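# Topology and contacts: notes
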Amino acid sequence: MAVQRLKLRMLYIYQILMEETDEEHILTAGELIDRLKARYGVEDDRRSVYGDIDTLIEFGVDVIKVKGNDHGYYIGERQLEPAELKILVDAVQVSKFLTQKKSEQLIRKLECLTSRPLAKHLQEQVVLTARPKAKNETVFYNIDAIHTAIYKNRQIQFQYAEWTVQKEYRLRKNGAYYKVSPWALIWDDENYYLNACDSGSGIMKHYRVDKMVHIDITDESREGKEQSREFNPADFEKKTFGMFAGRDASVTLQGENRLVGVIIDRFGTDIMIIPADAEHFRVTVPVTVSQQFFGWMTAIGKGLKIVRPDDVREQYLAYVREIMEGYDGGK
């Protein structure tokens, strides 16, 4: 047993360095020897430690040798830098489709990619907010099933659910199964959506992944390859508001100059913004005309207006009037 542990000595040193060291936390050869004995029961000497570290460096591990008074060793470059890990941790903790439990599990796994001191620092910064989170982990396994179907070029079938006023999930279409060919997963507004070709109509549609239940991968090959080639996820996200369906249109907007940033945040920089006068600009953008688009316009307020086409402008005015009538007609 002692011989076996001795054979693993270099791996033990690697593990100790990965777990305990970084630029601010350095271990000397003597400290490595102490840890080898305490944790793994391995007796070692400095010459062997020096040789093992040189071999790790030759293998490609970024072990930094520090000379001088504060001499010792630490792991330099890792697969992910602390700032990169923090970005991933932040994304996990705010994701609505992950349960609280799954968020905590993923964050712990991400922390394993850095040293324990830095992991502790990350933990101190993690704040699992009280914002709404998923109540079950169905979406996590749905994503896995969809990726498998795409990889195997297979169709899937599933039931689709919706919330009732009793805050319970109810199956749509009396529990009938949807049969589609999955082509892309899109993360929009903190939710996952599946873009797929409907087997009945041959039309590309999208579905909220967290509302899909009882997913089965079929033996049938995917359909809609040509339709999927015409689909651009980036363009789709720009023109679609909240992933709600509607008819596509080029809409000219006029806004106050202070709102240019709002337009660029929504539609990107590949748009032509033209001054309308000293205080206003005009821009023509592709949108999916829907109540969600109108809701976005309303949230911005009177500083942004639809100029054309006339039918979209009239639809928006009717939308606003209907809201006002709802307030006038009752309490």
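Here is a short report on the structure shown in this document. Keep in mind that what you see is a predicted model, and the values were worked out from it rather than measured.

## Remarks on the packing of aromatic side chains
By the definition in use, this model includes 14 aromatic pairs. Here phenylalanine 293 and phenylalanine 294 contribute two aromatic rings whose centre-to-centre distance is 5.6 Å and whose plane-to-plane angle is 45°, an arrangement assigned as tilted. We classify phenylalanine 293 as buried; its relative accessible area is 0%. Classification of phenylalanine 294 by relative accessible area gives buried; the value is 4%. Following the ring pairs from residue to residue traces out a cluster consisting of Phe267, Phe293, Phe294, Trp296, Tyr316 and Tyr319. In this structure, lysine 102 packs its charged tip against the face of phenylalanine 140, placed 4.2 Å from the ring centre.

## Quick notes on unusual backbone geometry
The omega torsion across arginine 308 and proline 309 is 5°, close enough to zero to call that bond cis. Positionally, proline 309 belongs in the loop between strand 12 (304-308) and helix 13 (310-328). At lysine 173, a position not held by glycine, the phi torsion is positive, near 50°. Counting through the fold element by element, lysine 173 comes out in the loop between strand 4 (169-171) and strand 5 (178-188). For lysine 173, a relative accessible area of 59% puts it in the exposed group. For histidine 214, which is not a glycine, the phi torsion comes out positive at approximately 55°. Mapped onto the secondary structure, histidine 214 falls in strand 8 (residues 212-221).

## Examining helix 12 (residues 291-300)
Among the residues making up helix 12, those that are buried are Phe293, Phe294, Trp296, Met297 and Ile300. Seen from one end, helix 12 has its buried residues packed into an arc of 155°, which puts them on one side. Residues of helix 12 that are exposed and point more than 90 degrees away from the buried face comprise Gln291 and Ala299.

## A closer look at the pattern of salt bridges
Under the criterion given, the structure shown has twelve salt bridges. Between aspartate 52 and arginine 9 there is a salt bridge whose closest N-O contact spans 2.5 Å. Residue aspartate 52 is located in helix 4 (residues 46-59), and its partner arginine 9 is located in helix 2 (residues 9-20); the two are separated by 43 residues in the primary sequence. A single burial state applies to aspartate 52 and to arginine 9, both of which are buried. One salt bridge connects glutamate 220 with lysine 179, and the closest N-O pair in it is separated by 2.2 Å. Here glutamate 220 is found in strand 8, whereas its partner lysine 179 is found in strand 5, with 41 residues between them in sequence. The exposure class of lysine 179 is partly exposed, given its relative accessible area of 26%. Through salt bridges that share partners, Glu19, Glu20, Arg35, Arg39 and Arg116 make up one connected network.

## What to know about helix 2
Relative to the 16 Å expected for twelve residues at 1.5 Å per residue, helix 2 spans 16 Å between its end C-alpha atoms, a close match to the ideal helical length. Within the sequence span of helix 2, burial applies to Arg9, Tyr12, Ile13, Ile16, Leu17, Glu19 and Glu20.

## Describing the pairing of strand 3 (residues 154-163)
The pairing of strand 3 with strand 8 spans five bridges and is classified as antiparallel. Each residue of the ladder has a partner; that of glutamine 159, found in strand 8, is valine 213. The pairing of strand 3 with strand 5 spans three bridges and is antiparallel. Counterpart to glutamine 157 in the pairing with strand 5 is lysine 179. Where strand 3 lies against strand 4, three bridges are found, and the strand directions are antiparallel.

## Considering the packing of helix 3 (residues 29-40) against helix 4
In contact at an axis separation of 10 Å, helix 3 and helix 4 are set at 100° when each is read in the N-to-C sense. Between helix 3 and helix 4, the angle is such that the two are roughly perpendicular. Contact residues: helix 3 offers Ala29, Gly30, Leu32 and Ile33, while helix 4 offers Arg46, Val49, Tyr50 and Ile53. Here the residues of the contact of helix 3 with helix 4 are counted per class, giving six nonpolar, one polar and one charged.

## Quick look at the nonpolar core
Membership of the largest hydrophobic core comes to 24 residues, with the highest contact counts inside it found for Ile156, Phe158, Leu194, Tyr207 and Met212. By residue number, the principal contributor to this core is helix 8 (residues 138-152), which donates five residues. Excluding anything up to four places from it in sequence, phenylalanine 158 contacts Ala176, Tyr177, Tyr178, Val180, Tyr207, Met212, Val213, His214 and Ile215. Core analysis: the next-biggest nonpolar cluster, separate from the first, contains 22 residues, Leu253, Leu259, Phe293 and Phe294 among them.

## Quick look at the sheet that holds strand 11 (residues 280-289)
On the basis of which strands lie adjacent, the open sheet formed by four strands has the order 10-11-9-12 and antiparallel pairing. Two strands lie at the open edges of the sheet, namely strand 10 (273-275) and strand 12, each paired on one side alone. Averaged over all neighbouring strand pairs, the angle between strand axes comes to 35°, with direction disregarded. Here three bridges tie strand 10 to strand 11, and the two strands are oriented antiparallel to one another. Its bridge partner lying in strand 11, isoleucine 274 is registered against arginine 282. This element, helix 11 (residues 260-267), spans strand 9 (247-256), strand 10, strand 11 and strand 12 of the sheet and lies at about 30° to strand 11. Its contacts with the sheet put helix 12 on strand 9, strand 11 and strand 12, and the angle it makes with strand 12 is roughly 135°.

Scoring rules and cut-offs
Residues numbered from 1 in each chain as written. Predicted model: local features only at pLDDT ≥ 70, side-chain atom pairs only at ≥ 80, totals over all residues. Heavy atoms only, no water. Phe/Tyr/Trp six-rings, centres within 6.5 Å; stacked < 30°, edge-to-face > 60°. Buried < 20%, exposed > 50% of the residue type's maximum accessible area, 1.4 Å probe, protein only. Lys NZ or Arg CZ within 6 Å of the ring centre and 35° of its normal. Helix = DSSP H or I, 4+ residues; strand = E, 2+ residues; numbered from the N terminus. Arc of directions from axis to C-beta. Salt bridge = Lys/Arg side-chain N within 4 Å of Asp/Glu carboxyl O. Expected span 1.5 Å × (residues − 1). Pairing = 2+ DSSP bridges. Axes fitted to C-alpha atoms, helices over the stretch in contact; angles between N-to-C directions. Parallel < 35°, antiparallel > 145°, perpendicular 65-115°, else oblique. Contact = heavy atoms within 4.5 Å. Nonpolar A, V, L, I, M, F, W, Y, C, P; charged D, E, K, R; others polar. Core = buried A, V, L, I, M, F, W, Y, C linked by side-chain atoms within 4.5 Å.

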